[in-house]
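In case you want the letters, here they are:
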Amino acid sequence: MAEENSNESVALIVGVTGMVGVALAEALKKPAVLGGPWKVYGVARRPLPTWFPSSLLDNFLTFDALNTQETHQKLSPFSSEITHVFWVALQIGENEGININLNSTMLKNVLNSLRNCSNSKLKHVTLQTGTKQYMGPIFDPILSDKLIPHEPPFREDYPRIPFPNFYYALEDILSSYAHSFTYSIHRSSVIIGVSTRSLYNSLLSLCVYASICKYKGWEFRFPGNKYSWEHFWDFSDSRVLADQQIWASVTDKAKNQAFNCTNGDVFSWKSMWKLLCEIFELEFLPFDEKVRFDLVEFMKDKGGIWDEIVEKYGLFKTKMEEVTCFEALQLILHFEFEHVCSMNKSKEFGFFGFANTLESIKFWVEKMRQMNILSRLPDI
């Protein structure tokens, strides 16, 4: 298995302030990283938050990738340097048709800005997608009720589900550039990491919910169904995702391939809930089918309480509505199938990264406390 060894590896992380963007920046700056040493350029729509370790970036660019002219102005000066693009950006609209337009436009604008010059050095693009590949547009208000997901464990060779899906659109865009550069697709499960800028940060949403329950002395109830409580799930630690994306970007055998990327283990939400109760010193409540609990309804008026916690304990300034995804979290926790991916293909191609999910949860909660996004116990 041939691997690239270059002293001129220059990465552009598009979406650098998201969970995987942060993990990629950290991984690419490790001394023994594959393909290194790397220069690391980061892109985001907004300035870096104060919690972001800016020392990890050799250059930071801020622009709106939906704006063709602005994207070209900001990126074209670097087109003769950038060798690898790590695409972990995401924009979400009201339906899947809008999602296709938003995300396709951004990807095309970035790729065209880097390719439309005679001395472009772009060699590889990694694209992060997820398990909607196997379930369809589950958050689309009209299409979601019509979907029939593939049988778990999800495998990379499953055919596309016959519904609009912006993941499919982005894959097709990369395929259309196959004559210009190689690519790899990375399909995550539910991602765990640290960021106040990720649209779907389930762990931070759960931590905000748990913190408010602890602060007010309220019950911490599981917001899903009995099936999810008892059956198996998997997660994707952002560090494992970063390692797989870097591996694929410099490994010949992995190029132009799609890979699932999970931690490689499974858990039940019952065990996860016990762990969260331990971390936040909350009473563990067994699942009770007789108690109907709507997390979205419960949390809709709790933004003021979160503001009070942030102010009282001097946390990084966040608004609950901007850092949580209670609607998405509640939806997935009512699945009637096991949300589990196969990692066989990834291992067969030579990637053996893994994480212990329950240990990962403890690591990332502690990391968010260190970064002053969450308060430490027993403060609350």
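Residues numbered from 1 in each chain as written. Predicted model: local features only at pLDDT ≥ 70, side-chain atom pairs only at ≥ 80, totals over all residues. Heavy atoms only, no water.

Per an unreviewed UniProt entry, the chain is named Progesterone 5-beta-reductase 6, and its organism is Catharanthus roseus.

Student: Looking at this structure, I do not really get the domain arrangement of the chain. What am I missing?
Tutor: It is common to give the size of an interface as the accessible area that goes away when the parts come together. Taken domain by domain, the chain comprises domain 1 (9-191 + 237-261) and domain 2 (193-234 + 266-340 + 352-371). Relative placement of domain 1 and domain 2: their C-alpha centres are 26 Å apart. In this complex, domain 1 contributes 29 residues to the contact, which on the side of domain 2 involves 29 residues. Interface area for domain 1 against domain 2, summed over the two sides, is near 2,500 Å², with a carbon-plus-sulfur share of 65%. For the domain 1 face of the interface with domain 2, the top three residues by lost area are Met19, Trp51 and Phe139, together amounting to 27%. For the pair domain 1 and domain 2, the interface holds 0 salt bridges. Inspection of the region where domain 1 meets domain 2 yields 10 residue pairs in polar contact (both at pLDDT 80 or more). Put simply, the parts of the chain that give the side of domain 1 that touches domain 2 at least two residues each are α1 (19-28), β7 (190-192) and α8 (238-250). The class makeup of the residues in the side of domain 1 that touches domain 2 is 18 nonpolar, 7 polar and 4 charged. (Domains from an automatic or database assignment. Contact = heavy atoms within 4.5 Å. Buried area = accessible area lost by both parts, 1.4 Å probe. Salt bridge = Lys/Arg side-chain N within 4 Å of Asp/Glu carboxyl O. Polar contact = N/O pair within 3.5 Å; in protein donor to acceptor, adjacent residues only side chain to side chain. Helix = DSSP H or I, 4+ residues; strand = E, 2+ residues; numbered from the N terminus. Nonpolar A, V, L, I, M, F, W, Y, C, P; charged D, E, K, R; others polar.)

Student: How do you make sense of the packing of aromatic side chains when you look at a structure like this?
Tutor: We describe a pair of aromatic rings using the distance from one ring centre to the other and the angle between the two ring planes. This model, assessed by the stated rule, comprises 32 aromatic pairs. With 4.8 Å between their ring centres and 85 degrees between their planes, Phe363 and Trp364 make a pair best called edge-to-face. By relative accessible area, which is 35% here, Phe363 ends up partly exposed. Directly above the aromatic system of Tyr167 lies the positively charged group of Lys132, at a separation of 5.2 Å from the ring centroid. Above the plane of the ring of Phe259 lies Lys345, whose end atom (NZ or CZ) is 5.2 Å from the centre. (Phe/Tyr/Trp six-rings, centres within 6.5 Å; stacked < 30°, edge-to-face > 60°. Buried < 20%, exposed > 50% of the residue type's maximum accessible area, 1.4 Å probe, protein only. Lys NZ or Arg CZ within 6 Å of the ring centre and 35° of its normal.)

Student: Any chance you could explain the nonpolar core here in plain terms?
Tutor: Core analysis: the biggest nonpolar cluster contains 93 residues, and Trp269, Trp273 and Ile361 have the highest contact counts within it. The greatest single-element share of this core, amounting to 10 residues, is contributed by helix α6 (residues 202-216). Counting the residues that make up this core, at least three belong to each of domain 1 (9-191 + 237-261) and domain 2 (193-234 + 266-340 + 352-371). Beyond its immediate stretch of four places on either side in the chain, Ile361 contacts Ile192, Leu203, Phe235, Met272, Leu275, Leu276 and Ile279. (Core = buried A, V, L, I, M, F, W, Y, C linked by side-chain atoms within 4.5 Å.)

Student: I tried to follow the sheet that holds strand β10 (residues 257-261) on my own but got confused; where do I start?
Tutor: Sheet strands associate in pairs through backbone hydrogen bonding, adopting either a parallel or an antiparallel arrangement. Across the sheet, 7 strands lie side by side as β3-β2-β1-β4-β5-β6-β10; this open sheet has parallel pairing. Either end of the sheet is taken by a strand with one partner, and the two such strands are β3 (59-62) and β10. On average, each strand axis in the sheet is tilted by 20 degrees relative to the strand beside it, whichever way the strands run. In this sheet, strand β2 (residues 38-44) lies alongside strand β1 (residues 9-14) in parallel orientation, the contact comprising 6 bridges. Note that in β2 the partner of Ile13 across the bridge is Gly42. Contacts from helix α5 (residues 166-176) reach β4 (84-87), β5 (124-130) and β6 (182-188), with the element oriented near 165 degrees to β5. (Pairing = 2+ DSSP bridges. Axes fitted to C-alpha atoms, helices over the stretch in contact; angles between N-to-C directions.)

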